[in-house]
Amino acid sequence: MVQFDFHPRTRIAFGPHAISRVGLIARELGFRRTLVVADPGIRAAGHTTNVLEKLTAAGVETFLFEDFGVNPDSTMVAAGAAFAAPLNVDSIVALGGGSALDCAKGINFIVRNGGTMADYRGYGKASTPLLPMIGVPTTAGTGSEAQSYAVISDPETHMKMACGDPSAAPRVAILDPDLTITAPRHVTAMAGFDAIAHAVETAVTTKRNALSDTFSHQAWRLLSDAFERVILHPTDDEARGAMLLGAHFAGLAIEQSMLGAAHACANPLTARYNIAHGLALAILLPHVVRWNGVVARDRYAALLGSPRRRVRDEDPAEMLARRLEDITVAGHLAITLSDAGVDPEGIPALAELAAQQWTGTFNPRPFDARAAAEIYRAAL
Ligand SMILES: [Fe+2]
């Protein structure tokens, strides 16, 4: 039996047009001067203007920061903190994909506590609680709006630093499926596969517990059912809603259960080969599931929802790996490491980096550089 202590920190406002309530929610939380950290890629869709107008109409003064990229690094966070420092803001609204959410949390750490992101690596290092934040995801992916961690890259190594604090979790997550409809198909696919990887990895870690299982399993059901539908029919509101909730639940599972070998192997691919996070996971996850199968068979069977039926003659890890491969095909993400430009000579260096990833320590099968090399070779 695994103990847990679950304190829900983030209120969830879910549904079509939920974004129309952002001004009222901000007022309820007492926001007066708000830093809006918005993904520059969504401005053309009108979401940023819409949120700024709603906040202004509710009497909240806004200050817009958009000067950051995907995989925000500590330099971008420092620029955001320098922008915010003289403004005397009392709150933050983050709008966009995981990058916007993470960048906003990073800025929050520095604005309130000074220093640089590396000072907050780990958990609970903010001596002053962070400013209250509203998180508004425009992709169904990281589930960052459910989490108390900011994932910020080191600008030199490009490796990710996980910086967590209880007060870094958004006070409110506004989950409006309409906001995700404007994302290009490849963004929907990569973000969606990231969420699926969160559901699959959290379901088997050494830290999983009864509560994280609840979130992991429901996330898997929602995401695996809706993924192909949002790719084929981008305006399917029901499917978009299922993806957004699934990504949020998977994010909640990470809070309890952490992640595993697929994320440990994916991070060096992003850092060294600039392979997008969701694509790196699509390349790796089926192989990680097969590799974990020897220790996680029953957990994978439970995730598939068929612990007794059908699996007598079939290996649930193989069944799950094939299902994941079908999903990568549907999302046009089915490539190999070789296709992505990685040759066999590059594997030892990648494997060394993967073995240093904190997230690998929670994988159900003990994970080290040799294990990472085996997984990378399988994915070539
Ligand atoms: Fe991820």
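Provided above is the structure to which this section pertains.
Attention here is on the structure that accompanies the text.

This part covers the coordination of the iron ion. Bound to the iron ion are the protein donor atoms Asp-194 (OD), His-198 (NE2), His-263 (NE2) and His-277 (NE2), situated 2.1 to 2.3 Å from the metal. Every donor counted, the 4 donor atoms about the iron ion form angles of 81 to 167° at the centre, which fits irregular coordination. Here the donor residues of the iron ion are spaced in sequence according to D-x3-H-x64-H-x13-H. In this pair, Asp-194 sits in helix α5 (residues 185-202) while His-277 sits in helix α9 (residues 277-304), placing the two residues 83 residues apart along the sequence. In this structure, Asp-194 and His-277 share a single accessibility class: buried.

Running from N to C, α9 and helix α10 (residues 316-330) point in directions that differ by 135°, and their axes come no closer than 6 Å. As summarised for this structure, α9 and α10 are arranged oblique, according to the angle between their axes. The element α9 and its partner α10 pack so that their crossing is right-handed. Facing Ala-282, Leu-285, Pro-286, Val-289, Arg-290, Gly-293, Arg-297, Tyr-300, Ala-301, Leu-303 and Leu-304 of α9, the residues of α10 in contact are Pro-316, Ala-317, Glu-318, Met-319, Leu-320, Ala-321, Arg-322, Leu-324, Glu-325 and Thr-328. A breakdown of the residues in the contact of α9 with α10 according to their chemical character gives 14 nonpolar, 2 polar and 5 charged.

Glancing now at the side chain of Asn-108. Inspection of the secondary structure assignment puts Asn-108 in helix α4 (residues 98-113). Setting aside residues up to four positions removed in sequence, Asn-108 forms contacts with Ile-92, Leu-130, Leu-131 and Met-133.

Take the pattern of salt bridges next. Side chains that carry opposite charge are capable of pairing whenever their charged atoms lie near each other. All chains considered together, the criterion is met by 10 salt bridges. Notably, a salt bridge pairs Asp-213 with Arg-299, separated by 2.4 Å at the nearest N-O pair. One end of the pair, Asp-213, is in helix α6 (residues 210-232); the other, Arg-299, is in helix α9, with 86 residues separating them in the sequence. The buried category is assigned to Asp-213, whose relative accessible area is 15%. A salt bridge links Glu-318 to Arg-290; its shortest N-O distance comes to 2.8 Å. With Glu-318 in helix α10 and Arg-290 in helix α9, this residue pair connects regions lying 28 residues apart in the sequence. Looking at Arg-290, the relative accessible area reads 30%, which means it is partly exposed. Taken together, the shared-partner salt bridges in this structure form one network comprising Arg-290, Glu-318, Arg-322 and Glu-325.

Moving on to the side chain of Thr-205. Residue placement: Thr-205 occurs in the loop between α5 and α6. We classify Thr-205 as buried; its relative accessible area is 0%. Not counting the four nearest positions on each side in its chain, Thr-205 is found in contact with Ser-257, Met-258, Leu-259, Phe-362 and Pro-364.

Spatial ordering of the open sheet is given by β5-β8-β7, a layout of 3 strands whose pairing is mixed. Every other strand in the sheet has two partners, leaving β5 (122-123) and β7 (149-153) as the edge strands with one partner each. Here 2 bridges tie β5 to strand β8 (residues 160-164), and the two strands are oriented parallel to one another. From the neighbouring strand, Gly-122 faces β8, where its bridge partner is Cys-163.

Ordered by their spatial adjacency, 6 strands build an open sheet running β1-β9-β6-β4-β2-β3, and the pairing between neighbours is parallel. Each end of this open sheet is capped by a strand with a single partner; those strands are β1 (11-14) and β3 (61-65). Pairwise comparison of adjacent strand axes, ignoring direction, gives a mean angle of 20° for this sheet. Both strand β6 (residues 133-137) and strand β9 (residues 172-175) contribute to a ladder of 2 bridges, which runs parallel. Each residue of the ladder has a partner; that of Ile-134, found in β9, is Val-172. Packing against the sheet, helix α7 (residues 237-257) makes contact with β1, β6 and β9, and its axis sits at approximately 155° to β9.

About the cut-offs
Counting restarts for each chain, with residues numbered from 1 along the sequence as it is written. The model is predicted, so local features are restricted to residues of pLDDT at least 70 and side-chain atom pairs to those at 80 or more, both for listing and for counting; the totals for chains, interfaces and linings are taken over all residues. Each side-chain value is derived from all of the structure's non-hydrogen atoms; neither hydrogens nor water enter the calculation. In this analysis a donor is any N, O or S atom within 2.8 Å of a metal ion (3.2 Å for sodium, potassium and calcium), and since water is not included, sites may seem incomplete. Geometry assignment treats four donors as tetrahedral when all angles are between 85 and 135 degrees, treats four as square planar and six as octahedral when opposite donors are over 155 degrees apart and all others between 65 and 115, and treats everything else as irregular. Each helix is a run of H or I in the DSSP string that is no shorter than four residues. Each strand is a run of E no shorter than two, and both are numbered from the N terminus. Think of it in three bands: residues with accessible area under 20% of the maximum for their type are buried, residues over 50% are exposed, and the middle band is partly exposed, with areas taken using a 1.4 Å probe on protein chains only. Between the N-to-C directions of two axes lies an angle of 0 to 180 degrees, each axis being a line fitted to C-alpha atoms and, for a helix, fitted only over the stretch in contact. To sort the angles, those under 35 degrees are grouped as roughly parallel, those over 145 as roughly antiparallel, those from 65 to 115 as roughly perpendicular, and the leftovers as oblique. Two helices crossing with the near one rotated counterclockwise from the far one by less than a right angle form a left-handed crossing, whereas a clockwise rotation gives a right-handed crossing. The criterion used for residue contact is that any of the two residues' heavy atoms lie within 4.5 Å. Lys, Arg, Asp and Glu make up the charged group, whereas Ala, Val, Leu, Ile, Met, Phe, Trp, Tyr, Cys and Pro make up the nonpolar group; the residues left over, Gly among them, are polar. Salt-bridge detection follows one rule: a side-chain nitrogen of Lys or Arg within 4 Å of a carboxyl oxygen of Asp or Glu. We treat two strands as partners when DSSP finds at least two bridges between them.

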